[in-house]
Each structure stands twice: as C-alpha cells, then as structure tokens.
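The primary structure of each chain is shown beneath.
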Amino acid sequence: MSRPTLPPPNPWRFCVAPMLDWTDRHCRYFLRQISQHARLYTEMVTTGAILHGDRTRFLQFDAVEHPVALQLGGSDPVALAQCAAIGEQFGYDEINLNCGCPSDRVQGGGFGACLMNEPEQVAAAVRAMRSATSLPVTVKHRIGVDDSDEYEFMQRFVATVADAGCKVFIVHARKAWLKGLSPKENREIPPLRYEAVHRLKLAFPQLTIVLNGGLRDVSLGELQLQHVDGVMIGREVYENPYFLAEVDARLFGNGRPIAARDEILAHMIDYAARELERGAALNHITRHLLGLYRAQPGGRAFRRVLSEGAHRPDSDARLLLAAREAMDALPSSAAA
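Residues numbered from 1 in each chain as written. Predicted model: local features only at pLDDT ≥ 70, side-chain atom pairs only at ≥ 80, totals over all residues. Heavy atoms only, no water.

Moving on, we get to the pattern of salt bridges. The final tally for this structure, using the stated rule, is 20 salt bridges. A salt bridge links Arg318 to Asp316; the nearest nitrogen and oxygen atoms lie 2.6 Å apart. (Salt bridge = Lys/Arg side-chain N within 4 Å of Asp/Glu carboxyl O.)

Here the focus is helix 7 (residues 151-163). Here helix 7 is 13 residues long and its end C-alpha atoms lie 18 Å apart, about the 18 Å a rise of 1.5 Å per residue gives. All of the buried residues along helix 7 are Tyr151, Phe153, Met154, Phe157, Val158, Thr160, Val161 and Ala162. Residues of helix 7 that are buried make contact with strand 5 (94-99), helix 6 (119-132), strand 6 (137-142), strand 7 (168-172) and helix 9 (194-203). Gly165 occupies a position one or two residues after helix 7 and carries a positive phi of about 110 degrees. (Helix = DSSP H or I, 4+ residues; strand = E, 2+ residues; numbered from the N terminus. Expected span 1.5 Å × (residues − 1). Buried < 20%, exposed > 50% of the residue type's maximum accessible area, 1.4 Å probe, protein only. Contact = heavy atoms within 4.5 Å.)

With respect to the helices and strands, Ala123 occurs in helix 6. C-alpha of Ala123 to C-alpha of Ala162: the two residues are 39 residues apart in sequence and 7.7 Å apart in space.

Time to look at the packing of aromatic side chains. A complete count under the given rule lists four aromatic pairs for this structure. Ring plane angle 15 degrees and centroid distance 4.5 Å describe the contact between Trp22 and Tyr238, whose orientation is recorded as stacked. Of this pair, Trp22 sits in the loop between strand 1 (14-16) and helix 1 (25-32) while Tyr238 sits in helix 11 (residues 235-239), and the two are 216 residues apart along the sequence. You can call Trp22 partly exposed: its relative accessible area is 27%. Judged by its relative accessible area of 14%, Tyr238 is buried. Directly above the ring of Trp12 sits Arg39, whose terminal nitrogen or CZ lies 4.5 Å from the centroid. (Phe/Tyr/Trp six-rings, centres within 6.5 Å; stacked < 30°, edge-to-face > 60°. Lys NZ or Arg CZ within 6 Å of the ring centre and 35° of its normal.)

What follows is about the pairing of strand 7. Counting buried residues in strand 7 gives five out of five residues, a clear majority hidden from the surface. In strand 7, alternate side chains face the same way, and those of Val168, Ile170 and His172 on one face and Phe169 and Val171 on the other are all buried. As paired elements, strand 6 and strand 7 share four bridges and run parallel to each other. Across the sheet, residue Val139 finds its bridge partner in strand 7, namely Phe169. Taken together, strand 6, helix 7 and strand 7 form a β-α-β motif whose crossover is right-handed. Of the pairings in the sheet, the one linking strand 7 to strand 8 (residues 208-212) comprises five bridges and is parallel in character. Residue pairing for strand 8: Phe169 is matched across the bridge by Ile209. (Pairing = 2+ DSSP bridges. Right-handed = clockwise from strand over helix to strand, strands pointing away.)

The end-to-end C-alpha separation of helix 13 (residues 261-277) is 25 Å, in line with the 24 Å expected for 17 residues at 1.5 Å each. The complete set of buried residues in helix 13 reads Arg261, Ile264, Leu265, Met268, Ile269, Tyr271, Ala272 and Glu275. Two residues or fewer past helix 13, Gly279 is found with a positive phi of approximately 100 degrees.

If you look at the biggest cluster of nonpolar residues, it comprises 113 residues, and the most contacted ones within it are Phe14, Val16, Val122, Met129, Val139 and Phe169. Sequence-distant contacts of Met129, that is, excluding residues within four places in its chain, are made with Leu72, Leu80, Ala81, Ala84, Ile95, Leu97 and Val137. (Core = buried A, V, L, I, M, F, W, Y, C linked by side-chain atoms within 4.5 Å.)

Written out as structure tokens, the structure is:
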C-alpha cells in the first residue's frame, strides 16, 4: 500500500524578519541562495514612498526571491489598499502590515506599534487591502504597548483584526515602549513572553500564529513550533546567515544537498557583476555577505577585504573572489 501524501508544510513555518536598512533586495537574493523555503520579507515600505516616490526602486526584486512578502507601513485604509494592489502587480506573495515598529518617526506618521491601540483602524485597513488584492494580508505586531501589556489587550486586537479576514499574525513576543526606548532597545529590553504567544494560539486555533523575538538558531525554533505554527528570526540570520542552510531539511523536509559557502559566494559573484552593470553600488551588495564565513578559519580576513575594498571606485565583483582568496593565504591557525 502506498504511503499517504502529506500536506505541504505551512508556508510561514520559518520566516526571515523584515529589518529596516537590512533586508533589501540584495540581502534577500543572498539569503535565497542558502534556503529555498524560508519566507523572506522586505524592509518596511511606507505607503507614501510607494504612492509618491520611485516605486520601482522600492519594490523591484528578483524572481529567485520567492516566496517574498511586502511589508507596508501606513494607517490609511485607502492608501494601504492602493499599495496592496501595486504590490500584487509587482509579483509579491503576501502583503504584511507593520503594527510593531516603535520608532518616533513611525509614531509620528500614526502607524507601526501605536496601531495596536486602534484595532478597529487596523481592521478597516485589512478589509480594504483584502478587497484590493487576492494575496494573503497579514499583520505583524507586538504583545502590547506601554502599560497596555496584559494578554487581554493583545487578544482583543487579534480578535478584531481576525474578524476583518486576517488569518496570519506574526507576533513579536515583547511589548513596545513608545516613549523612552530606542527601536534597538525595544528589541532587547522589554522581556520576552513566549507564553503569551502560545496562549494566543490556543485561543485562536484557526489562525496561523508566527512567533518572533529572541530566537537564535533552528533548534530554538523547533522547540517553539510545538506551540505555534511558525517562527521568524531576524538579527541572527543577518549576522550568521549560513545557519539558514539547516532550515530546508529540518523544518521543511527538503532532502536536497546543502549548498557550500563557496558555492553561495560563486552565485553572489555572478550576481554582483550583473548588478554593477545595472548601476548598483558594490558595497550595497557586499555588506550583506560579511557573515557568510563567520566562525570559519580566515573569516576575519574575508570581512576585512570586503569592508576595506567595497567603497573603492575601482572595485568590482572580483573583490569577492579576492576576499575568499585572502582566507586561504592565512596560516591555518589564524582566528576566524
């Protein structure tokens, strides 16, 4: 008797967090060379930038990046609906609304984490976006803001937005302090409360709940997948990107061979050459590769060559090869 066909893994089982100034298209192309299944997210793009700026510059991406989601920053349902439709036209796989960023600039625009205080506004935005696109419309939020950090506050927010048709919630398991803490401090100082996210999943079993915050490796993610549908990791992916090589096999059951670091670098050399011909700046690409050889012999030499050479006007894609060769030129005892 043949074995039954298993359902495909949940598409949000492992996600790379949207990170401002980090997860641009060059970064996402690089990360896709390491994992074929991790769900990637753009940096937050404001509705104003899309509607009134150079939308191609903000939204273009390489087809290899799929699955990739567009994260929007905004609060006006009409503008968000317009941007959701534009995102679909550009070929994104998901539209995500940022309800978690605590920066002063974002608060000044009336969006980000402060939207958790306005669940009906978020629900109206979700309804408008869902009417404008066939893509999944998802929300990324905190467990609370300021003194409104009791579980019931988050539960009411999720219930209200879910009634508008949102089926996927990505929850940063820290509250946000809207005054007194910088965005960096808001990622580190408020304590993690994973149990609140676990409780949310129990309360809403029909929803897809993704946990974000403090996860540093695939093993920690696997532990959380006993309680939630997916995990999202940010800073560790950026600082130590090669750990993504474990994701496809361990979390998605993909048995394909893991790409070696040198194979990934070869892809990025070709990519850099193409992008430089189109007018890209070399350092905009190489800055994302600094962690590729982290903890490897010669890794410091690799980083040094890229950091020192990428800004020089005569540098080109061959700098990446030179950085790799600098690793081999060191004694085997050299520190990584």
